[in-house]
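Here are the chains, one letter per residue:
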Amino acid sequence: MTASSTISNLRLRLLRPATLNRLMAVGAIVAVMVVASRVPWLVAYPENWEIPLRYWVSDFMKWLINDFDLGLFTFRQFTRSIAWLLNWPLVSAQGLLATGFELEIGDSAIDLPRLSWLGVIAAVTVLAHAAGGWRLSVLVATCFGYLAVFGQWSSGMITLSSILIAVPLGAVGGLLFGILGYRSARMERGLLPVLDLMQTVPVFAYLVPVLFLFGFGPVAAMIATIIYATPPMARVTMLALKLVSTEVVEFGRMVGCSRWQMMWKILIPSAKPTLMVGVNQVIMLSLNMVIIASMIGAGGLGFDVLSALKRLRIGDGIEAGLAITLLAIALDRVSQGFTHRAQPAHKEQPKRFVARNPHLVMALAAIVLATLGALFIRGLEAFPESPRISTNEFWSGLVTWINVNFFDQLDAFKNFLLLNFLIPVKRFMLSLPWSVVVGLVALTGYRLGGWRLALAVGCYVAFMAVTGNWEKSMSSVYLCGVSVIIACLIGIPIGVVAARRERAHRVVQVCIDTLQTLPSFVYLIPVVILFRVGDFSAMIAVVAYALTPAIRYTDHGIRQVPAPLIEAATAAGCSQRQMLWKVQLPIAVPEIMLGINQTIMMALSMLVITALVGTRELGQEVYIALTKADTGRGIVAGLCVAFIAMTSDRLISAWSARRKRQLGLA
Amino acid sequence: MSTAESAGAAHRTQDATGEPAGEGVTIACRNVWKIFGEGAERVLSRANGALDDEQLREAGLIGAVRDVTFSAHQGEIFVIMGLSGSGKSTLVRCLSRLIEPTAGQVLFEGQDLLAASEKVLIEIRRHKMGMVFQHFALLPHLTVLDNVAFPLEVQGVDRGRRVPRARELIELVGLEGREDYYPRELSGGQQQRVGIARSLAVEPEIWFLDEPFSALDPLIRREMQDEFLRLQGVLHKTIVFITHDFDEAIRLADRIAIMKDGGIIQIGTPEALVLDPANEYVAEFTRDIPRAKVLSARAVMLPAVAGEQFAGEIPGETRIEQLAGRIVDCEKPLAVVDRNGGVVGQISRDSVLRVMVSADDRAP
């Protein structure tokens, strides 16, 4: 091709409407930036224009607690009585599993012992067998055995008892909200934004109000856990009920079901497999809250991890963190086992209770026998001291060894990335005028989803400036953005490999399943060991936590490329490389984008937790608010985090939906 | 129509739509419309209940069911046949008010269903209607027995009474021994047998079957059609049967209504449709139907010649297919007789042959 034809080609291309549009958009942005940089209030949001939302929220909270009177009783009395009510099941469960009971009869007090550790292990092993056969029972026995052998039993049982109470409450609450949302479209429209907020506002933000309303202690912690764990169940319920086939619903109407019969005899049983997924979510989220909840008095394993982290006793932290992880794995696999368990087959149902529920009866028998046995044999009540193992020495040694031998290398690596990547990006983000960012985001929203979306995301972003959190928000965006990019750079290639090789797929699947059951806090422990505190450590922890969805969705997206398409491409003689780049990836892109969306969500939720390792952004703001018990400050900063999340979620979902429509996949 | 001349003698008096008189109408609909879209009712009432394609498109509405009128009689198999998107499924749902019609009247045993309160409607559905679904709509968490007994459970019938009834029905559809199975353990055909048994649990006055055999393999489908005819031979229900398969319609129907674009194009007996299709669209369906299976002796016969020697007598409604074997051995024609034994015409080997070899051959 000659030079002149190349140039004319280029000119032609430049004159194409799409290109012209893009060029004009870029031109407009540059122009606005130039203009904006000369008008100071367009660059940095003026302080005296800020809306003192945080003070309003704090004042409202004060009024709620001190002055709000419901007539017969005050609001505070109302919330405290809820706490009192919830305290009963919680104390009973804790007494049963962890502390034992002290009964006062007349003058003498009788100590009733807690359930024997051996009995509990035997019982969960038997139940695990019912859920998923002997493999699962070995896994669960190992996990609970770890609690006993490593001296985590008492803490573990306190944690388990709060989970055991929180999960049914959260699941039933979510179910009821979901049913309400299913029944009326108006209710659903009202409920969805609330659920969005509940899921994106960082937990730290509402710990303070929960603390004020319900007092410090295990009950407040449990309530915070329930608030955190309920929304997905409500969402899953709505979805599951909608997924019940129209014919089944029509059948219900044709046989003249009442509303009640329709819901409880037709819809809920038909939707049960999907609903169980929601219950599993509630369990996992409750476990994720264990450490955070210990900040307002949950006790148990979470408290152990937190205090170990504070005192930099790495070994203790790792042991307790591992205990939470193993508990999470065990509960996750058992609940999944019950979900996926082959539905009942047609065998003759024996009539007697014992014969019908062999597992349940055996589990109960094991507990009772071992607990009674504990009255005579000392070692059955608490795990004997002598065989307990502590790895504290080992971990401390390892940390010292790493610090002695690898300090320079790790430090050099950290500094290199900080100086060449993190800090420049941060500077750039902070230098952007707020007005330009709001405009750009709104413009993107307009392109992807019209005026409504533009208005929504524009307001979200403007909120950060208006409430005086602009710089911290941009720091969050920077840290989150950098982490997400790195997570994608690592995760997407892994996903691609997993999608194309069966063996890799299996290995990766096991790894990410395990990673996903790790409570977010646990990621902090090794990071702190290796890199101390600061932005860099936070980034590593966020990347590690947010990696899983990038892998999972890429893998899934490529696997769901329709088989005929692959066959057609193979028949057309595509090489492996062409297959990937020309067929699989383009079709999988919408799905991968949803994965990136998830990655961003998880990164943001982790970001708040990394405040503990000394970042300077919204997470820190929320954390400080928590330590100072400043309701308004925490809530407003929390809302900023939520709005960052919702902005990216709305934009990416809109894009992905549009792309799927174009590809004819939706 | 060739049957018209012998109308008085036929066992069923038929008008132009082949509607039998003298037997009770179980369900009837008059000018039923179902239009999807904003403000459908307003647009329809402004047009005085008559909207054409043009008007619908202008208003941005979709006419799923358009001005449908028919009635199904006691003991009759009324088949509504149409291709996908013709509105047949919407129509059958309008009959039971699973879908609220936009306009019109649905009379069930003389009662206006559209005026019935929710409570009355629930009672009618509980006791008088049964429905079979294309994809079976069985409840996955219940055994076959409990699935069949479910409609009774909803009514509050106690277990002691509903279980024997359910067992009876399971036996009726030939699934004894499978009572404790779960739906997913059964084949498609078996699942639909459960669906059929369940829909009969309440002894319905009217039985809706919405493409009941469409999800089944061809061989099973045929078996189920025979089974269905056998059941109807015992039960004599009033049936509204939806299908997209013209062969199935011909096989099963007493009368067929052919739907297209939400409206009914023609209603008639299979024979009437084949002999006298209302337009090209109907003719297109009937083209490949073996005439001998559909036409009766009466449709093919010639006027009886006085003093003719007959080889035997056959009833007027005998299908050509059934008498073909007999007539092959006859030198002389057969006499076609009405119910009272009076000779109404005669049929020869030649006319039967002509029906069997020529697809285009209409009645002589």
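About the thresholds
Residues numbered from 1 in each chain as written. Chains lettered and ligands numbered in written order. Predicted model: local features only at pLDDT ≥ 70, side-chain atom pairs only at ≥ 80, totals over all residues. Heavy atoms only, no water. Phe/Tyr/Trp six-rings, centres within 6.5 Å; stacked < 30°, edge-to-face > 60°. Buried < 20%, exposed > 50% of the residue type's maximum accessible area, 1.4 Å probe, protein only. Helix = DSSP H or I, 4+ residues; strand = E, 2+ residues; numbered from the N terminus. Lys NZ or Arg CZ within 6 Å of the ring centre and 35° of its normal. Contact = heavy atoms within 4.5 Å. Buried area = accessible area lost by both parts, 1.4 Å probe. Salt bridge = Lys/Arg side-chain N within 4 Å of Asp/Glu carboxyl O. Nonpolar A, V, L, I, M, F, W, Y, C, P; charged D, E, K, R; others polar. Domains from an automatic or database assignment. Polar contact = N/O pair within 3.5 Å; in protein donor to acceptor, adjacent residues only side chain to side chain. Pairing = 2+ DSSP bridges. Axes fitted to C-alpha atoms, helices over the stretch in contact; angles between N-to-C directions. pLDDT = per-residue confidence, 0-100. Core = buried A, V, L, I, M, F, W, Y, C linked by side-chain atoms within 4.5 Å. Patch = residues over 30% accessible without salt bridge, like charges linked within 9 Å, V, L, I, M, F, W, Y side chains within 5 Å. Areas by Shrake-Rupley, 256 points an atom, 1.4 Å probe, with all protein chains shown as cover. Lys, Arg positive; Asp, Glu negative; His and termini not counted. Charge placed at Lys NZ, Arg CZ, Asp CG, Glu CD. Parallel < 35°, antiparallel > 145°, perpendicular 65-115°, else oblique. Left-handed = near helix turned anticlockwise from the far one by under 90°.

Caption draft 1: Inspection of the packing of aromatic side chains at higher detail. The full count for this structure, using the stated rule, is 24 aromatic pairs over all chains. Aromatic side chains Phe-73 of chain A and Phe-78 of chain A sit 6.2 Å apart centroid to centroid with 15° between the ring planes, which places their arrangement in the stacked category. Phe-78 of chain A gets classed as partly exposed once you look at its relative accessible area, which sits at 35%. Seen from their ring centres, Tyr-523 of chain A and Tyr-545 of chain A are 5.2 Å apart, and the 80° between their planes marks the pair as edge-to-face. Linking Tyr-523 of chain A in the loop between helix H21 (502-517) and helix H22 (524-531) with Tyr-545 of chain A in helix H23 (residues 535-559), this pair joins segments that are 22 residues apart in sequence. This pair shows no difference in class: Tyr-523 of chain A is buried, exactly as Tyr-545 of chain A is. Three or more aromatic residues joined by ring pairs make a cluster, and in this case those are Trp-207, Phe-213, Phe-228 and Phe-241 of chain B. Cation over ring: Arg-178 of chain B sits above Tyr-181 of chain B, and NZ or CZ is 5.0 Å from the ring centre.

Caption draft 2: Looking closely at the interface of chain A and chain B. Contact residues are listed per partner, giving 20 residues for chain A and 29 residues for chain B. Where chain A abuts chain B, roughly 2,300 Å² becomes buried across the two surfaces, and 57% of that area is made up of carbon and sulfur atoms. Counting the contacts that link chain A with chain B gives two salt bridges. Between Arg-93 of chain B and Glu-250 of chain A there is a salt bridge, with the nearest N and O atoms lying 2.5 Å from each other. Listed by contribution, the elements that provide at least two residues to the side of chain A that touches chain B are helix H11 (246-254) and helix H12 (259-288) of chain A. A breakdown of the residues in the side of chain A that touches chain B according to their chemical character gives nine nonpolar, six polar and five charged.

Caption draft 3: How the structure looks around the domain arrangement of chain A. Residues and elements named next belong to chain A. In terms of domain boundaries, chain A breaks down into domain 1 (23-99) and domain 2 (391-666). Distance from the C-alpha centre of domain 1 to the C-alpha centre of domain 2: 24 Å. Contacts between the two partners involve 16 residues from domain 1 and, on the opposite side, 18 residues from domain 2. Interface area, domain 1 with domain 2, both sides summed: about 1,500 Å², of which 74% is carbon and sulfur. The tally of links between domain 1 and domain 2 comes to zero salt bridges. Applying the counting rule to domain 1 against domain 2 returns three residue pairs in polar contact (both at pLDDT 80 or more). Elements represented by at least two residues in the side of domain 1 that touches domain 2 include exactly helix H2 (17-38), helix H3 (40-43) and helix H4 (53-66). Considering every element that reaches the side of domain 1 that touches domain 2, the biggest residue donor is H4, with five residues. When the residues that make up the side of domain 1 that touches domain 2 are grouped by side-chain class, the tally is 13 nonpolar, one polar and two charged.

Caption draft 4: Structural view of the sheet that holds strand S13 (residues 343-347) of chain B. Residues and elements named next belong to chain B. Ordered in space as S11-S12-S13, the three strands form an open sheet in which the pairing is mixed. Of all the strands in the sheet, the pair left with one neighbour each is strand S11 (313-315) and S13. Across the sheet, the mean angle separating the axes of adjacent strands is 35° when strand polarity is ignored. Of the strand pairs in this sheet, strand S12 (residues 334-337) and S13 are connected by four bridges, and their pairing is antiparallel.

Caption draft 5: Representation of H22 of chain A within the structure. All names here are of chain A. In terms of burial, H22 is largely enclosed, as six of its eight residues are buried. If you check which residues of H22 are buried, you get Leu-524, Ile-525, Val-527, Val-528, Ile-529 and Phe-531. The elements touched by buried residues of H22 are helix H14 (300-310), helix H15 (314-340), helix H18 (392-431), H23 and helix H25 (576-609). Just beyond H22, the residue with positive phi is Arg-532, at close to 60°.

Caption draft 6: Looking closely at the confidence of the model for chain A. Taken as a whole, chain A shows an average pLDDT of 85; of its residues, 95% reach a score of 70 or greater. When pLDDT is averaged over each helix and strand of chain A, the minimum, 63, is found for helix H1 (residues 3-15) of chain A and the maximum, 94, for H11 of chain A.

Caption draft 7: Fine view of the nonpolar core. Counting 227 residues, the largest nonpolar core has Phe-144 and Phe-204 of chain A together with Phe-208 and Val-240 of chain B as its most contacted members. Take this core: its biggest share by element is 15 residues, from helix H6 (residues 117-149) of chain A. In contact with Phe-144 of chain A, not counting residues within four places along its chain, are Ile-121, Val-124, Trp-153, Met-157, Leu-160, Leu-327 and Ala-330 of chain A. Membership of the second largest hydrophobic core comes to 66 residues, among which are Leu-152, Leu-209, Leu-273 and Ala-324 of chain B.

Caption draft 8: The arrangement of the side chain of Thr-125 of chain A in detail. All names here are of chain A. Mapped onto the fold, Thr-125 is located in helix H6. At a separation of 2.5 Å, a polar atom in the side chain of Thr-125 contacts the main-chain carbonyl oxygen of Ile-121. When residues no more than four places from it in sequence are discounted, the contact partners of Thr-125 are Ser-137 and Ala-141.

Caption draft 9: Representation of a positive patch on the surface within the structure. A cluster of like positive charges, contributed by Arg-22, Arg-447, Arg-658 and Arg-661 of chain A, occupies part of the molecular surface. Tracing the backbone through its elements, the reader meets Arg-22 of chain A in helix H2.

Caption draft 10: Up close: the environment of Gly-638 of chain A. All names here are of chain A. The topology assignment puts Gly-638 in helix H27 (residues 631-663). Residues Gly-638 and Val-208, 430 residues apart in the sequence, show an inter-C-alpha distance of 12 Å. Each residue touching Gly-638, except ones within four places of it in the same chain, is listed here: Val-201, Pro-202, Ala-205 and Val-622.

Caption draft 11: A look at the packing of H12 of chain A against helix H5 (residues 144-155) of chain B. At their nearest, the axes of H12 of chain A and H5 of chain B sit 12 Å apart, and the two run at 150° to each other. Classed by the angle they form, the pair H12 of chain A and H5 of chain B counts as roughly antiparallel. The two elements H12 of chain A and H5 of chain B cross, and the hand of that crossing is right-handed. Between H12 of chain A and H5 of chain B, the residues in contact are Gln-261, Lys-265 and Ile-266 of chain A and Phe-150, Glu-153 and Val-154 of chain B, respectively. Looking at side-chain class alone, the contact of H12 of chain A with H5 of chain B contains three nonpolar, one polar and two charged residues.

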